[in-house]
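Working through the structure, step by step
Single-letter residue listing:
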Amino acid sequence: MREYKVVVLGSGGVGKSALTVQFVTGSFIEKYDPTIEDFYRKEIEVDSSPSVLEILDTAGTEQFASMRDLYIKNGQGFILVYSLVNQQSFQDIKPMRDQIIRVKRYERVPMILVGNKVDLEGEREVSFGEGKALAEEWSSGRVAHLNWDF
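The notes below deal with the structure included here. (Residues numbered from 1 in each chain as written. Predicted model: local features only at pLDDT ≥ 70, side-chain atom pairs only at ≥ 80, totals over all residues. Heavy atoms only, no water.)

**Here we look at the overall build of the protein**
Basically, it comes down to this: Secondary structure is summarised from DSSP: a helix means a run of H or I of at least four residues, a strand means a run of E of at least two, and numbering begins at the N terminus for each. Remark: exposure states derive from per-residue accessible area (1.4 Å probe, protein chains only) relative to the maximum for the residue type, with buried under 20%, exposed over 50%, and partly exposed in between. For the area figures, the Shrake-Rupley method with a 1.4 Å probe applies, and any residue is considered shielded solely by the protein chains shown.
Scanning the protein from N- to C-terminus turns up four helices and five strands. For the protein, the α and β elements follow one another from N to C terminus as β-α-β-β-α-β-α-β-α. Burial status across the protein gives 39% buried among its 150 residues. Summed over its atoms, the accessible surface of the protein is roughly 9,200 Å², and 51% of this surface lies on carbon and sulfur atoms.

In structure tokens, the structure reads:
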């Protein structure tokens, strides 16, 4: 069975764990409990073949940033999460992407940019246009806007 290793990165409090747990188990966790490192496995189908998705949910706090090189080295794909209600979290993902490219030594590493907390529209600090522009800059024009209802 083929295995895919995905690393979820972003600042603390952006909802990395909530997204990951909701994807893996189908349940939403409302309580914020800072993550150091959590590992999940989920059976999926890729190109009609059974596969295993290994997801590493990483710490967003700066105190664990030194571990990021190791996560990146072992990851095959990356989910970069920012909070739509926190402009600083949007700024924080840019050096994370640069770090991925530096560690992987390859510009075209599989990455997904996720703007989280769309349900808090009234508190929004990062516009749709800002997120779309960054995604287009990083992907050379290949952008998809998805609304996920788990």
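**Regarding helix α3 (residues 87-104)**
To keep it simple, the criterion reads: To estimate how far a helix should reach, multiply one less than its number of residues by 1.5 Å. Here, residues are in contact when the closest pair of their heavy atoms is within 4.5 Å. In protein, a polar contact means a hydrogen-donor-capable atom and an acceptor-capable atom, both N or O and within 3.5 Å, with residues adjacent in sequence counting only if both atoms are side-chain atoms; elsewhere, any N or O pair within 3.5 Å suffices.
Taking 1.5 Å per residue as the helical rise, α3 with its 18 residues ought to reach 26 Å, and the 27 Å between its terminal C-alpha atoms agrees with that figure. All of the buried residues in α3 are S89, F90, I93, M96, R97, Q99, I100 and I101. Those residues of α3 that are buried lie in contact with β1 (2-10), α2 (68-74), β4 (77-83), β5 (111-116) and α4 (128-139). Looking at where α3 begins, the residue whose side-chain oxygen comes 2.9 Å from the main-chain nitrogen of Q88 is N86. Looking at the residues trailing α3, positive phi occurs at R105, about 60°.

**Some thoughts on the nonpolar core**
Side chains that are nonpolar tend, in soluble globular proteins, to be buried together. Operational definition: Here, nonpolar core refers to any group of buried Ala, Val, Leu, Ile, Met, Phe, Trp, Tyr and Cys residues whose side-chain atoms link them within 4.5 Å.
Formed by 17 residues in total, the largest nonpolar core has its most connected members in L9, F78 and I100. For this core, the secondary-structure elements that each account for two or more residues are β1, α2, β4, α3 and α4. Element by element, the count of residues in this core is highest for α3, at four residues. Aside from chain neighbours lying at most four places away, what touches I100 is L9, I72, F78, L80, R105, V109 and M111.

**Examining helix α1 (residues 16-25)**
The buried fraction of α1 amounts to eight of the ten residues, a majority that puts the element mostly inside the structure. Taken residue by residue, α1 has K16, S17, A18, L19, T20, V21, Q22 and V24 as its buried positions. With its phi angle positive at about 85°, G26 sits one or two positions after the end of α1.

**A few points about the side chain of E54**
Among the secondary structure elements, E54 is positioned in strand β3 (residues 49-58). A distance of 2.6 Å separates polar atoms of two side chains, one belonging to E54 and the other to R41. In contact with E54, other than residues within four places in its own chain, are E3, Y4, K5, V6, F39, Y40 and R41.

**Considering the pattern of salt bridges**
Convention followed: Any Lys or Arg side-chain nitrogen found within 4 Å of a carboxyl oxygen on Asp or Glu counts as a salt bridge.
All chains considered together, the criterion is met by six salt bridges. The residue R41 makes a salt bridge to E3 at a minimum N-O spacing of 3.5 Å. Of the two residues, R41 is situated in strand β2 (residues 37-46) and E3 in strand β1; the sequence distance between them amounts to 38 residues. Of the residues examined, E3 reaches a relative accessible area of 34% and is grouped as partly exposed. The residue E54 makes a salt bridge to R41 at a minimum N-O spacing of 2.6 Å. One end of the pair, E54, is in strand β3; the other, R41, is in strand β2, and 13 residues separate them in sequence. For R41, a relative accessible area of 43% translates into the label partly exposed. Salt bridges sharing common partners tie together E3, K5, R41 and E54.

**Re the environment of M111**
Tracing the chain through its elements places M111 in strand β5. Assessed through its relative accessible area of 24%, M111 is described here as partly exposed. Distance from M111 to A135, taken between C-alpha atoms, is 9.8 Å for residues 24 residues apart in sequence. Not counting residues within four places of it along the chain, the set of residues in contact with M111 comprises F78, L80, R97, I100 and I101.

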